[in-house]
Amino acid sequence: MENYTFKYNLLDALQVAKKWKKQIIIFSVLTTILTAIVLLLIPNKYQSYGAFYPSSTAMRSRANLMRPENQQWLDFMGDDNEVDKTYIVAMTSDVTEHLIKKFELAKHYDIDTSKPKAGEKIYKRFLKNYKVNRTGFDHLEVMFTDEDKMLTAKVTNEAMNRINDVLRNIYTNINSKIVGMIETKRDSLRQHISVYTDSLVTLRKQYGVYDIVSPSRKNLIIQASSSHNALYAEGLEKFNCLKIRKTKWL
């Protein structure tokens, strides 16, 4: 049995191409035509892009704004916690459903809303084109893909505005509740102080204690009185104890 050694170099390739040049040209032309037809049939798709940094909630904290000591630099941009919260909000129904309804995407996607599971189809189609990415630079990217280039830009801009509105409403609601609790506590303090004030006035009238009395045990009486009887001493002691209690509420 004879052994054959297979050789293939550039000259061999040129010879094969020369031999089959007609078939190669026809195949290339047909491939080009088919590719052009496919590209013409497939509609163009556009993608819009938007990026933003969530703001820092620590900047608005009363503990940081009113801190008299140990002041430190606080970044205006949010940290990992703010970025994570913003990402979650961006994917909630408060944002996605708002975008679907505002831009009538059911009609745009030609989906009959009267059919079963039409909402699910719209939502899946939307999420296929709507993307929110959390980057390594602590900011968020919003992207939307569609055949209508103007729609992509509108959806992306509205998405970022809606995310901002939802977050603002959340923090406004929380701050409103905090303000309500502070006002309730303030009213309670005022009520306690009013009760102590009325009691102190009663004691002054009952025991004749009209001196300026310090709320602490030091320098008890700033201006001494000529009255030093037992009744006055009893009233002074009661008055001072009540005064100390009132001071704790101030």
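Nothing here was measured: the structure is a model prediction, and the numbers come from that model.

So, the overall build of the protein
Helices and strands together make up the secondary structure of the protein, namely nine helices and three strands. Taken from N to C terminus, the helices and strands of the protein fall in the order α-α-β-α-α-α-α-α-β-β-α-α. Considering the protein as a whole, with its 250 residues, one finds that 25% of them fall into the buried category. A fraction of 64% describes how many contacts in the protein between residues 6 or more apart in sequence connect residues 24 or more apart.

Quick word on the pattern of salt bridges
Considering all chains together, one arrives at four salt bridges under this definition. The partner of Asp84 in a salt bridge is Arg134, and the shortest N-O contact between them spans 2.8 Å. Here Arg134 lies in strand S2 (residues 130-134) and Asp84 lies in helix H4 (residues 80-90), a separation of 50 residues in the sequence. One salt bridge connects Glu120 with Lys124, and the closest N-O pair in it is separated by 3.1 Å. Remark: Lys124 and Glu120 occur in helix H7 (residues 118-129); sequence separation between them is four residues, near one turn of the helix.

Side note on a nonpolar patch on the surface
On the surface, a nonpolar cluster with roughly 600 Å² of combined accessible area is contributed by Ile25, Val29, Ile33, Leu34, Ile37 and Leu41. Along the chain, the position of Ile33 falls in helix H2 (residues 21-41).

Focus on the environment of Tyr53
Considering the arrangement of structural elements, one finds Tyr53 in the loop between strand S1 (46-52) and helix H3 (62-65). Look at Tyr53 and you get partly exposed, because its relative accessible area is 44%. Spatially, the C-alpha atom of Tyr53 lies 7.2 Å from that of Asp138, the residues being 85 residues apart in sequence. Contact partners of Tyr53, with chain neighbours within four places excluded, come to Met77, Phe137, Asp138 and His139.

Some thoughts on the side chain of Thr152
In this structure, Thr152 sits in helix H8 (residues 149-207). Thr152 sits in the buried class, given a relative accessible area of 2%. Ignoring any residue separated from it by four or fewer positions in sequence, one finds Thr152 in contact with Tyr46, Ser48, Phe144, Thr145 and Asp146.

Considerations on the nonpolar core
Val95, Leu99, Leu105, Phe126, Tyr130, Val142 and Ile163 are the most contacted members of the largest nonpolar core, which totals 27 residues. Setting aside its immediate chain neighbours within four residues, Val95 contacts Val89, Ala90, Tyr130, Ala159, Arg162, Ile163 and Val166.

Parameters at a glance
- What you see as residue numbers is a count from 1 along each chain, following the sequence as written.
- Local features in this predicted model are restricted to residues of pLDDT 70 or higher, and side-chain atom pairs are both shown and tallied only at a pLDDT of 80 or more, whereas totals for entire chains, interfaces and linings draw on every residue.
- Only hydrogens and water are set aside; all other atoms, that is, all heavy atoms of the structure, feed into the side-chain values.
- Per the convention used, a helix needs a DSSP run of H or I reaching at least four residues, while a strand needs a run of E reaching at least two, with both numbered from the N terminus.
- Exposure classes here rest on a 1.4 Å probe applied to the protein chains alone. A residue is buried below 20% of its type maximum, exposed above 50%, and partly exposed in between.
- Contacts were defined at the residue level, with two residues in contact if any of their heavy atoms lie within 4.5 Å.
- Salt bridges are defined by distance alone: a side-chain nitrogen of Lys or Arg within 4 Å of a carboxyl oxygen of Asp or Glu.
- Each patch is built from salt-bridge-free residues with over 30% relative accessible area, joining like charges within 9 Å and nonpolar side chains (Val, Leu, Ile, Met, Phe, Trp, Tyr) within 5 Å.
- Areas reported here follow the Shrake-Rupley algorithm with a probe of radius 1.4 Å; residue values treat only the protein chains shown as occluding.
- The criterion is simple. A nonpolar core is a set of buried Ala, Val, Leu, Ile, Met, Phe, Trp, Tyr and Cys residues joined through side-chain atoms within 4.5 Å.

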